[in-house]
Amino acid sequence: MKNIIITGASSGIGASTARLLYAKGYTLGLMARSVDKLEALSQELGANAIVLPCDVTDYAAVKSGLEQFIAAHGDIDVLINNAGLGYFDSLVGGKIEEWHTMVDVNVKGVLNCLHVALPSLIRSTGHVVNLGSLASHQVFPNSGVYCATKHALIAISNSLRLEIPDKLRVTTISPGSVDTPFIHSTSNPQMLEQYKDYFAAGLRPEMIAEQIVHAIEAPAGSVISEIIIRPNRAMK
Ligand SMILES: NC(=O)c1ccc[n+]([C@@H]2O[C@H](COP(=O)([O-])OP(=O)(O)OC[C@H]3O[C@@H](n4cnc5c(N)ncnc54)[C@H](OP(=O)(O)O)[C@@H]3O)[C@@H](O)[C@H]2O)c1
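This section reports on the structure supplied with the text. (Residues numbered from 1 in each chain as written. Predicted model: local features only at pLDDT ≥ 70, side-chain atom pairs only at ≥ 80, totals over all residues. Heavy atoms only, no water.)

1. Here's the deal with the packing of aromatic side chains
- Across all of its chains, the model carries five aromatic pairs by this definition.
- Judged by centre distance (5.7 Å) and plane angle (35 degrees), the rings of Phe-182 and Phe-199 are tilted. Residue Phe-182 is found in the loop between strand S6 (169-175) and helix H6 (189-200), and its partner Phe-199 is found in helix H6; the two are separated by 17 residues along the sequence.
- Ring centres of Tyr-198 and Phe-199 lie 6.0 Å apart, and the angle between their planes is 75 degrees; on these two criteria the pair is classed as edge-to-face.
- With relative accessibility at 9%, the residue Phe-199 sits in the buried group.
- Feature note: the residues Phe-88, Tyr-146, Phe-182, Tyr-195, Tyr-198 and Phe-199 constitute an aromatic cluster, connected by ring pairs.
- The ring of Tyr-198 has Arg-233 lying over it, and the distance from NZ or CZ to the ring centre is 3.8 Å. (Phe/Tyr/Trp six-rings, centres within 6.5 Å; stacked < 30°, edge-to-face > 60°. Helix = DSSP H or I, 4+ residues; strand = E, 2+ residues; numbered from the N terminus. Buried < 20%, exposed > 50% of the residue type's maximum accessible area, 1.4 Å probe, protein only. Lys NZ or Arg CZ within 6 Å of the ring centre and 35° of its normal.)

2. Observations regarding the packing of helix H4 (residues 96-123) against helix H5 (residues 144-163)
- It is the contact of H4 with H5, at a shortest axis distance of 8 Å, that shows an interaxial angle of 15 degrees. It follows from the interaxial angle that H4 and H5 lie roughly parallel. The interaxial crossing formed by H4 with H5 has right-handed handedness. Contacts from Trp-99, Met-102, Val-103, Asn-106, Val-107, Val-110, Leu-111, Leu-114 and Leu-118 in H4 reach Val-145, Tyr-146, Thr-149, Lys-150, Ala-152, Leu-153, Ile-156 and Leu-160 in H5.
- Split into classes, the residues belonging to the contact of H4 with H5 amount to 14 nonpolar, two polar and one charged. (Axes fitted to C-alpha atoms, helices over the stretch in contact; angles between N-to-C directions. Parallel < 35°, antiparallel > 145°, perpendicular 65-115°, else oblique. Left-handed = near helix turned anticlockwise from the far one by under 90°. Contact = heavy atoms within 4.5 Å. Nonpolar A, V, L, I, M, F, W, Y, C, P; charged D, E, K, R; others polar.)

Any functional reading would require information beyond the geometric quantities listed.
In structure tokens form, the structure reads like this:
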């Protein structure tokens, strides 16, 4: 039985991934800030879906949540760094507090989880799955800071792979637009209007969950280092 931590499990890709992994018999640690949503998901899934309320930007909270999980269930086999958010806006006139939040959650949040979990993951010869994006590989207008945070995840993933090739598998999952509440974080009403239909016509979160499971269940002796998945807009 494998122990899997999913950050950002209260919504979208994280919640879909939790459903798919739980059905396959994994023990899950569900991390996010929305305790009510995590409790509802845990009730839906069962006793091996453990609620770990946590803001990933709070290192002490991450440490306490993960240590509590390890004490009760043993070492972490897979850490899915999925918590993240993006605010669409231009760089000129963008909101500095939104830039800081994207860096805090998308980069520092991932680093906080890695810092706490790596010793456990190395003991278990485990697996880190980082949620990148097409924005890890390309830049788009009106999402410069988001793209910068997702580019950073590629650097973190590649560094882990180089430093710990024999004790850790590392996968980056890079989706194009996915139909989740993600786009509704955008506070600029013109930007929201401009992008919301594009995201609504994107991938379904279950499609990303399937790719995460595919990477986790890759045959022993192989590592799926990166998956890029885009909506097939020709099929719409
Ligand atoms: N949707 C897309 O088009 C798309 C495309 C490529 C990549 N991605 C990436 O996929 C990941 C999941 O996004 P999604 O589309 O599933 O969006 P979502 O439905 O908005 O889910 C985001 C999750 O992140 C959690 N989160 C946000 N801030 C947090 C914090 N400070 N501490 C802990 N958890 C936090 C949220 O939980 P709480 O609010 O309860 O804390 C929520 O569970 C993100 O990393 C995103 O960048 C999304």
